[in-house]
Amino acid sequence: MEGVAFSLRDSLEIFRELGAAIERIRLGGGGARSRLWRQIQADVYGQPVEILEADEGAAFGAAILAGVGAGAWSSVDEACGATIRVAEMIEPGRQSTETLDRNYEAYKQLYSLLRPAMDIGGV
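Residues numbered from 1 in each chain as written. Predicted model: local features only at pLDDT ≥ 70, side-chain atom pairs only at ≥ 80, totals over all residues. Heavy atoms only, no water.

**Observations concerning the packing of helix α3 (residues 58–69) against helix α4 (residues 76–83)**
This is how the line gets drawn: Axis angles are defined between N-to-C directions and span 0 to 180 degrees, where every axis is a line fitted to C-alpha atoms and, for a helix, only to the segment in contact. Note on conventions: DSSP H or I runs of at least 4 residues are helices, E runs of at least 2 residues are strands, and numbering of each starts at the N terminus. Should an angle fall under 35 degrees it is called roughly parallel, over 145 degrees roughly antiparallel, and 65 to 115 degrees roughly perpendicular, with every other angle called oblique. Left-handed is the label given to a crossing in which the near helix is rotated counterclockwise from the far helix by less than a right angle, and right-handed is the label when the rotation is clockwise. Contact definition: two residues touch when any of their heavy atoms are within 4.5 Å.
Between α3 and α4, the shortest axis-to-axis distance is 9 Å and the interhelical angle comes to 125°. Between α3 and α4, the crossing angle belongs to the class labelled oblique. Pair α3 / α4 crosses with right-handed handedness. Of α4, the residues touching α3 (which contributes Phe 60, Ile 64, Leu 65 and Val 68) are Val 76, Ala 79, Cys 80 and Thr 83.

**Some thoughts on the pattern of salt bridges**
Where we set the bar: Salt bridge criterion: a side-chain nitrogen from Lys or Arg within 4 Å of a carboxyl oxygen from Asp or Glu. Relative accessibility thresholds used throughout: buried, under 20% of the residue-type maximum; exposed, over 50%; partly exposed, between the two (1.4 Å probe, protein chains only).
Using the criterion set out here, one finds nine salt bridges in the structure. The partner of Glu 13 in a salt bridge is Arg 9, and the shortest N-O contact between them spans 3.3 Å. You can see Glu 13 and its partner Arg 9 sitting in helix α1 (residues 2–17), four residues apart, about one turn around the helix. Judged by relative accessible area, Glu 13 falls into the partly exposed class, the value being 23%. By relative accessible area, Arg 9 is classed as buried at 11%. A salt bridge links Lys 108 to Glu 105; the nearest nitrogen and oxygen atoms lie 3.3 Å apart. With Lys 108 and Glu 105 both in helix α5 (residues 94–118), this residue pair falls three residues apart, about one helical turn. What makes Lys 108 partly exposed here is its relative accessible area of 35%. Taking the relative accessible area as the measure of exposure, Glu 105 reaches 38% and is therefore partly exposed. Here the salt bridges share partners, and the residues they tie into one network are Arg 9, Glu 13, Arg 16 and Asp 101.

**A short note on the pairing of strand β2 (residues 49–52)**
For clarity, the cut-off: DSSP bridges decide pairing: two strands pair if at least two such bridges lie between them.
By the bridge criterion, two bridges tie strand β1 (residues 26–27) to β2 in an arrangement that is parallel. Within the sheet, the bridge partner assigned to Leu 27 lies in β2 and is Ile 51. In this sheet, strand β3 (residues 86–90) lies alongside β2 in antiparallel orientation, the contact comprising four bridges. By the bridge assignment, Ile 51 is partnered in β3 with Glu 88.

**A look at the sheet that holds β3**
Pairing between the strands of a sheet comes from backbone hydrogen bonds, and it takes one of two forms, parallel or antiparallel. Spatial ordering of the open sheet is given by β1-β2-β3, a layout of three strands whose pairing is mixed. In this open sheet, the two edge strands, each paired with only one partner strand, are β1 and β3.

**Brief notes about a nonpolar patch on the surface**
As a reminder, the rule being used: Like charges are joined within 9 Å and nonpolar side chains (Val, Leu, Ile, Met, Phe, Trp, Tyr) within 5 Å, but only among residues with over 30% relative accessible area and no salt bridge; these make up the patches. Using a 1.4 Å probe, accessible areas were evaluated by the Shrake-Rupley method; residue-level cover was limited to the displayed protein chains.
Together, Leu 110, Tyr 111, Leu 113, Leu 114 and Met 118 line one region of the surface with nonpolar side chains, adding up to about 550 Å² of accessible area. Along the chain, the position of Leu 113 falls in helix α5. Taking relative accessible area as the criterion, Leu 113 reaches 65% and is therefore assigned exposed.

**Digging into the nonpolar core**
Using the following cut-off: By nonpolar core we mean a set of buried residues, namely Ala, Val, Leu, Ile, Met, Phe, Trp, Tyr and Cys, connected to one another through side-chain atoms within 4.5 Å.
Grouped together as the largest cluster of nonpolar side chains are 17 residues, with contacts concentrated most on Phe 6, Ile 25, Leu 27, Val 44, Tyr 45 and Val 49. If you list the elements that add at least two residues to this core, you get α1, α2 (35–45), β2 and α5. Beyond its immediate sequence surroundings of up to four residues, Ile 25 is in contact with Leu 12, Tyr 45, Gln 47, Pro 48, Val 49 and Glu 50.

Written out as structure tokens, the structure is:
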């Protein structure tokens, strides 16, 4: 689970390198129901993660877009402001984050060393 979270952290690091500010991390889907998975992600990212009240994900987003299209809200931002609420915020554990930061550095080194072995057939 930590390896998957490290891979997701790679994506966050790419966004940061491109100058994008990561203000919030929100988790959704079936995996977000696991308290352990939520805590691992908060610890690996070193910042709080949020769980929303509405866990329907894509269907909820489609309903928001439909509401904007039907004129219930003037914009997607307005609709999101009116409907999206955080149900729970999971704070990272300081000690866990420190350990996982060291493990993330090892993960990055191993990944770069093993990547050529995984590049089969130039794919």
